[in-house]
Amino acid sequence: MNASQIPGLTVMDHPLVDHKLSILRDHESPPHRFRQTLHELSWLLAYPAFAALKTEGVDIQTPLEVTSCQAMQPPYPCLVSILRAGNGLIDGFSQVCPEASVGHLGLYRDHDTMAPISYYNSLPTDITQRQVILGDPMLATGGSAVMALDTLREIGVRDIVFSCLVAAPEGVKALHDAHPDVPIVTAALDRELNESCYILPGLGDAGDRIYGTG
Ligand code: PRP
Ligand code: URA
């Protein structure tokens, strides 16, 4: 199956998203512009990423009368960042949903094998009762996202959305094969991976571009 047809995949289609992606992809964009643009784009990406957010009916007294509204109720969602680049996405998500808790899973790709290595894990104790949005700007081989989802599933988290900026077809397939019930929301679906497992055309190493390392 073509990756774009995978069930549960949402690829954003909006001129403002395209414009911001053009800035992120540009190798001349310095870290401060990359960070700022990623932040702006994360607000737009939050719209589809939070589309299945649970709300409940509540009666609210406006200055004029009582009306029925929909509002989040505790336990609020948990945003989980795959360190370190995930923070570039999750920081913006937590601004549009400040009630959410924020968890962190530290993973990096081994430069020789490209396999993810876990080095840190900090999640709310009641995470199993919350909706979870897992965020990482890049879905390349899918190894990091699948390991993060394995971790969340092992502790009993059920309701998870994975959100990224740029996805490779290989990563979308790997994630869907391992966790077919997890929706994937991305700003872009790119062409392929290169021999070093970087996304083409991509935007380079997201962590290095956010933090000015590399
Ligand atoms: C990047 C990115 C993802 C991972 C994607 O992280 O932020 O976590 O690579 O690649 P995969 O789909 O092949 O696993 P990286 O390992 O460079 O760590 P960093 O965020 O600390 O820079
Ligand atoms: N991680 C990145 O940061 N970029 C890629 O293209 C692939 C993995």
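Above this text is the structure in question.
Rules used throughout
- Residues numbered from 1 in each chain as written.
- Chains lettered and ligands numbered in written order.
- Predicted model: local features only at pLDDT ≥ 70, side-chain atom pairs only at ≥ 80, totals over all residues.
- Heavy atoms only, no water.
- Near = heavy atom within 4 Å.
- Polar contact = N/O pair within 3.5 Å; in protein donor to acceptor, adjacent residues only side chain to side chain.
- Areas by Shrake-Rupley, 256 points an atom, 1.4 Å probe, with all protein chains shown as cover.
- Helix = DSSP H or I, 4+ residues; strand = E, 2+ residues; numbered from the N terminus.
- Contact = heavy atoms within 4.5 Å.
- Buried < 20%, exposed > 50% of the residue type's maximum accessible area, 1.4 Å probe, protein only.
- Arc of directions from axis to C-beta.
- Salt bridge = Lys/Arg side-chain N within 4 Å of Asp/Glu carboxyl O.
- Patch = residues over 30% accessible without salt bridge, like charges linked within 9 Å, V, L, I, M, F, W, Y side chains within 5 Å.
- Disulfide = S-S within 2.5 Å.

Okay, the site of ligand 2 next. Taken together, the neighbourhood of ligand 2 is formed by Arg109, Met138, Ala140, Cys197, Tyr198, Ile199, Gly204, Asp205 and Ala206. Measuring from an oxygen atom of ligand 2, one finds a backbone N or O atom of Ala206 at 2.8 Å. Isolated, ligand 2 exposes 240 Å² of accessible area, and the fraction of that covered by the protein chains is 89%.

With respect to the element layout, Tyr198 can be found in the loop between β11 (192–193) and β12 (199–200). Here Tyr198 is in contact with Arg109, Glu192, Leu193, Gly204 and Asp205, once residues within four sequence places are set aside. A polar contact of 3.3 Å, which involves the side chain of Tyr198, links it to the side chain of Asp205.

Listed in full, the buried residues belonging to helix α1 (residues 15–25) are Val17, Lys20, Leu21, Ile23 and Leu24. An end-on view of α1 places all buried positions within 155° of arc, on one side of the element. Residues of α1 that are buried make contact with α2 (31–49), β9 (160–167), β10 (184–189) and α6 (206–211).

Another aspect to go through is the pattern of salt bridges. In the structure shown here, the tally under the stated rule is 7 salt bridges. For Asp190, the salt bridge is made with Arg25, and the minimal N-O distance between the two is 2.8 Å. With Asp190 in the loop between β10 and β11 and Arg25 in helix α1, this residue pair connects regions lying 165 residues apart in the sequence.

For the rest of this paragraph, the subject is the environment of Ile23. Mapped onto the elements, Ile23 comes out in helix α1. Taking the C-alpha atoms as reference points, Ile23 and Leu203, separated by 180 residues in sequence, lie 9.4 Å from one another. Setting aside chain neighbours within four positions, we find Ile23 in contact with Ser29, Arg33 and Thr37.

Our next topic: the environment of Gln36. Along the chain, Gln36 turns up in helix α2. Along the primary structure Gln36 and Ile210 are separated by 174 residues, whereas in three dimensions their C-alpha atoms are 9.1 Å apart.

Once that is clear, we can look at a nonpolar patch on the surface. There is a patch of nonpolar side chains on the surface, built from Tyr108, Ile117, Tyr119 and Tyr120 and spanning about 410 Å² of accessible area. Mapped onto the elements, Ile117 comes out in strand β6 (residues 116–122).

Let's shift gears to the state of the cysteines. Scanning the model with the defined rule gives 0 disulfides in all. Of all cysteine sulfurs in the structure, the one in Cys78 sits closest to Cys97, which takes part in no disulfide; the separation is 10 Å. Cysteine Cys164 is unpaired, with the sulfur of Cys197 as its nearest cysteine sulfur at 16 Å.

Turning next to the site of ligand 1. Close contacts around ligand 1 come from 16 residues, with Arg109, Asp136, Thr141, Gly142 and Ser144 the closest. Between Ala85 and ligand 1, the recorded distance is 3.1 Å, taken from a backbone N or O atom to an oxygen atom. Contacts to ligand 1 include Ala140, whose backbone N or O atom sits 2.9 Å from an oxygen atom. Considering ligand 1 on its own, with 490 Å² of exposed area, one finds that the protein chains cover 91% of that surface. Among the secondary structure elements, those contributing two or more residues to the shell around ligand 1 are β5 (101–109), β8 (138–139) and α4 (143–154). Broken down by element, the shell around ligand 1 gets its largest block of residues, 3 residues, from β5.

A separate point is the side chain of Ser81. Relative to the helices and strands, Ser81 resides in strand β4 (residues 78–83). Note on Ser81: relative accessible area 0%, which makes it buried. Here Asn87 takes part through its side chain, which lies 2.6 Å from a polar atom of the side chain of Ser81. Ser81 has contacts with Gly86, Asn87, Ile90, Gly103, His104, Leu105 and Gly135, leaving out every residue within four places of it along the chain.

With that out of the way, let us pick up unusual backbone geometry. Put simply, Pro74 and Pro75 share a cis peptide bond, and its omega is 0°. With respect to the secondary-structure elements, Pro75 resides in the loop between β3 (66–71) and β4. Of note, the amide linkage connecting Leu83 to Arg84 takes the cis form, showing an omega dihedral of 0°. Looking at where Arg84 falls in the secondary structure, it is placed in the loop between β4 and α3 (86–96). Here the phi dihedral of Met114 falls at roughly 70°; this positive angle occurs in a residue that is not glycine. Structurally, Met114 can be placed in the loop between β5 and β6.

Structural measurements only, silent on function.
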